[in-house]
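Structural characterization, general
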Amino acid sequence: MPIILFSLLTNSLHSNPYKQGSMVKLNPMQFVVQHSPYSVSETVARLEKAIKAKGMMIFAIIDHSGEAQKVNMPLNDEKVIVFGDPKVGTFLMQENPTIGMELPLRILVWENAEGLVQVAYIDPVSLGESYEITKNAEILKKMSFGLANLIGEVIK
C-alpha cells in the first residue's frame, strides 16, 4: 500500500514559546496517509484493539460525522482516535511543554469522496523537529516506527 506524505503549513520555532502573547512558528510536520481496506468503523475497531494490545491508553474517540449528523449536516464517515502512553509522552513535555498541543497522539480515519477509507497521522519525528525535541529524539523515532507498524498491522 502506498504511503502519502505531505507537510502541514507551518514554519520554524525560534521565539520563546513561554512569553505571554508571543507567536511561535513551527517547522513543517509530516502527515502520513494510508488506505484501509476496511470500513471506517472496522478500521477504528481494529485500531482500538491494536492500541490496547500494545498497552497504550485510548483517551477518546471523536465521531466527527456523528456530530455533524446531529446538526443535520452531511459529512462522510470520519473519526479520530486520541491515544498514547503517559510514560512516554511526559518525557517529551518535560523537554518542551508546548508539544502538549500535539499529545496524546491522534489517528484520523475517514471515508474520502471516492468512498475509500483513509488512515492518517502526523509523524512523531516531525513533531519533535517542530518542537525542537533533541534530548528525547530517540523516543520520537521509536514512536514513529511503532505507529507505522501499528497502522500496517491494522490495515493488512
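Just so it is clear, the structure is predicted and the values come from calculations on it, not from any experiment.

**Digging into the environment of I133**
Looking at the secondary structure, you find I133 in the loop between α4 (124-130) and α5 (137-155). In this structure I133 comes out as buried when scored by relative accessible area, which is 6%. Between the alpha carbons of I133 and L92 there is a distance of 7.1 Å; along the sequence they are 41 residues apart. In contact with I133, not counting residues within four places along its chain, are L92, E95, N96, I99, G128 and L140.

**Overview of the layout of surface pockets**
A water-sized probe rolled over the atoms picks out the places where empty space is left. One number sums up the size of the largest pocket: a volume of about 440 Å³. If you trace the largest pocket, you find 21 residues lining it, with M56, D85, V88, L105 and M143 closest to the centre. Only β4 (78-84), α3 (86-95) and α5 provide two or more residues apiece to the lining of the largest pocket. Among the elements that take part in the lining of the largest pocket, α5 stands out by supplying six residues, more than any other. For the lining of the largest pocket, a count of residues per class yields 13 nonpolar, five polar and three charged.

Analysis parameters
- Residues numbered from 1 in each chain as written.
- Predicted model: local features only at pLDDT ≥ 70, side-chain atom pairs only at ≥ 80, totals over all residues.
- Heavy atoms only, no water.
- Helix = DSSP H or I, 4+ residues; strand = E, 2+ residues; numbered from the N terminus.
- Buried < 20%, exposed > 50% of the residue type's maximum accessible area, 1.4 Å probe, protein only.
- Contact = heavy atoms within 4.5 Å.
- 1 Å grid on protein atoms, 1.4 Å probe; cavity = no way out; pocket = protein on both sides within 12 Å on 5 of 7 lines; lining within 4 Å.
- Points joined across faces, edges and corners; volume = space filled by probe spheres on them.
- Nonpolar A, V, L, I, M, F, W, Y, C, P; charged D, E, K, R; others polar.

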